[in-house]
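Residue-level structure breakdown
What follows is each chain in one-letter form.
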Amino acid sequence: MSLEIPWTEKYRPHSFEDIVSQNVAINSLKEFIKNPNMPHMIFTGPAGTGKTSTALIIAENFLNNEDLSVNLLEVNASDTVRIDFVRNVLKNFVNQNLIKENSLKFVILDEADNIPGQVQQALRRIIEKASLNIKFILLCNYINRIIDPIISRCAVFRFVGLPKEKIIERLKHITKNEKLKIPADKAEKFFELLFFISGGDLRKAINTLQMSVSLELLENLELNEILRISGFMDEKTLEDLTMALKNKDFGKSREIIDSMETLDSRNFIRQLTEALPRVNVEPNKIPTLRAYIGEIDYRISQGASEKIQVSALLAKIIEKMGI
Ligand SMILES: Nc1ncnc2c1ncn2[C@@H]1O[C@H](COP(=O)(O)OP(=O)(O)O)[C@@H](O)[C@H]1O
Ligand SMILES: [Mg+2]
């Protein structure tokens, strides 16, 4: 067992065959890249589904190792792509002459949907002017945050959240390879839990597995501890909360949230949503409640106070309950 390198890197796929689950995207990509005159690309989809890995596989497919260091520019847009950066680094890279003729150059822009609109306009001009042997691969979670003139210059490939069995399969593969000892009677429950925590994000699933190992939580398989350190309610807290809601006890439900040291509202909302059927919400009220949950989620993403929004949600759930 090795803990020195992150397992997400150690188990990063290096061929299309190793990419789990993304059949639609991968099958069309395999055809697509047979033509060196292919247009630029956008990979869109949730975190931890293989976008960066696939982009690197494509670059590796066209470039050998030594060329990779000069002919591949990989940048994370969320911290580096300010207007100056786009102007300078990107322009330089794009304008540098190729060492070998007929070779391709790749620009992988991670988190492209975080690039401000104005900077996207600058980027668009660079893409327009770039010569044919330069291929941009833009990675994003939300394609609707990318400006149309860029989208229309790219082929779009959609990545989907990984299903439970694929995530568990991959985790089992790592478990075997790292010779981890997981108590047999609890193993299935452990993998189910890792999937639940991951929400379909394989990176998160692998990181949680590695974290559980490094914190020595595997021997006794302290599932509640794993839930807590991942920012979820443990079973007891969730139980108490559903009880309080069932009793329409808003005060108590507030108390429970206040007692949680690290409230991760996204995780909290996901756990609560899954528990709704157990809280006696009238079935015909569930759709309105779900719409409301979406709204709360949005408000939090826009910077609203997590505690206030979560309280509002609890009040709403109690309101929607039968007598
Ligand atoms: N579809 C997948 N197949 C195999 N491994 C994956 C897949 N998606 C994610 N992973 C694992 O998670 C890590 C992060 O994946 P990455 O390609 O960076 O995801 P994304 O760019 O979509 O956030 C990879 O190194 C790999 O270990
Ligand atoms: Mg990525």
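The structure under discussion appears in the preceding block.
Now for a quick tour of the structure. Because the structure is predicted, anything quoted here is derived from the model rather than measured. (Residues numbered from 1 in each chain as written. Chains lettered and ligands numbered in written order. Predicted model: local features only at pLDDT ≥ 70, side-chain atom pairs only at ≥ 80, totals over all residues. Heavy atoms only, no water.)

**Some remarks on the packing of helix α9 (residues 164-177) against helix α11 (residues 202-214)**
- One can describe the packing of α9 onto α11 by two numbers: an axis separation of 10 Å at closest approach and a directional angle of 35 degrees. Handedness of the crossing formed by α9 with α11: right-handed. When α9 is examined against α11, the residues Ile167, Arg170, Leu171, Ile174 and Thr175 are found in contact with a partner set consisting of Leu202, Ala205, Ile206 and Leu209.
- When the residues that make up the contact of α9 with α11 are grouped by side-chain class, the tally is 7 nonpolar, 1 polar and 1 charged. (Axes fitted to C-alpha atoms, helices over the stretch in contact; angles between N-to-C directions. Helix = DSSP H or I, 4+ residues; strand = E, 2+ residues; numbered from the N terminus. Left-handed = near helix turned anticlockwise from the far one by under 90°. Contact = heavy atoms within 4.5 Å. Nonpolar A, V, L, I, M, F, W, Y, C, P; charged D, E, K, R; others polar.)

**With respect to the site of ligand 1**
- The local shell around ligand 1 holds 18 residues, among which Thr8, Gly48, Lys51, Thr52 and Ser53 are the closest.
- Side-chain polar atom of Arg12 to an oxygen atom of ligand 1: 3.3 Å apart, as the coordinates give it.
- Separating an oxygen atom of ligand 1 from a side-chain N or O atom of Thr52 is a distance of 2.7 Å.
- Bound to the protein, ligand 1 loses 98% of the 550 Å² it would expose on its own.
- Listing elements by their share of the shell around ligand 1, those giving two or more residues are α3 (51-62) and α11.
- Class assignment of the residues belonging to the shell around ligand 1 gives a composition of 8 nonpolar, 6 polar and 4 charged.
- Residues from two domains meet in the shell around ligand 1; each of domain 1 (22-158) and domain 2 (164-229) gives at least three. (Near = heavy atom within 4 Å. Polar contact = N/O pair within 3.5 Å; in protein donor to acceptor, adjacent residues only side chain to side chain. Areas by Shrake-Rupley, 256 points an atom, 1.4 Å probe, with all protein chains shown as cover. Domains from an automatic or database assignment.)

**A closer look at the nonpolar core**
- If you look at the biggest cluster of nonpolar residues, it comprises 29 residues, and the most contacted ones within it are Trp7, Leu171, Phe190, Phe191 and Leu209.
- Contributions of two or more residues to this core are made by α9, α10 (184-198), α11 and α12 (223-229).
- Here this core takes 7 residues from α10, the largest share from any one element. (Core = buried A, V, L, I, M, F, W, Y, C linked by side-chain atoms within 4.5 Å. Buried < 20%, exposed > 50% of the residue type's maximum accessible area, 1.4 Å probe, protein only.)

**Remarks on helix α7 (residues 117-129)**
- Under the 1.5 Å per step criterion, the end-to-end length of α7 is 19 Å for 13 residues, consistent within 8% with the ideal 18 Å.
- For α7, the elements touching its buried residues are β1 (40-44), α6 (83-95), β3 (105-110), β4 (134-140) and α8 (148-151). (Expected span 1.5 Å × (residues − 1).)

**Here we look at the state of the cysteines**
- By the definition in use, this model includes 0 disulfides.
- Cys140 takes part in no disulfide bond, and the closest cysteine sulfur, belonging to Cys154, lies 9.7 Å away.
- Since its relative accessible area comes to 11%, Cys154 is described here as buried. (Disulfide = S-S within 2.5 Å.)

**Side note on the packing of aromatic side chains**
- If you walk through the whole model with that rule in mind, you get 6 aromatic pairs.
- Ring centres 5.6 Å apart and planes at 45 degrees place the aromatic pair Phe190 and Phe191 in the tilted group.
- Judged by relative accessible area, Phe191 falls into the buried class, the value being 4%.
- One aromatic cluster in this structure is built from Phe32, Phe43, Phe157 and Phe159.
- Against the face of Phe93 rests Lys105, its NZ or CZ located 4.7 Å from the ring centre.
- The ring of Tyr292 carries the charged tip of Lys316 above its face, separated from the ring centre by 4.6 Å. (Phe/Tyr/Trp six-rings, centres within 6.5 Å; stacked < 30°, edge-to-face > 60°. Lys NZ or Arg CZ within 6 Å of the ring centre and 35° of its normal.)

**Some details on helix α14 (residues 250-259)**
- Those residues of α14 that fall on the buried side of the exposure criterion are Ser253, Ile256 and Ile257. Looking down the long axis of α14, one finds its buried residues gathered within 95 degrees of arc, a one-sided arrangement.
- Those residues of α14 that are buried lie in contact with α13 (235-246), α15 (265-275) and α17 (306-319). (Arc of directions from axis to C-beta.)

**Examining the side chain of Ser230**
- Mapped onto the secondary structure, Ser230 falls in the loop between α12 and α13.
- Among the residues examined, Ser230 registers a relative accessible area of 17% and is labelled buried.
- Excluding residues that lie within four positions of it along the chain, Ser230 makes contacts with Ile197, Thr208, Met211 and Asn267.

Purely geometric numbers; function is a separate question.
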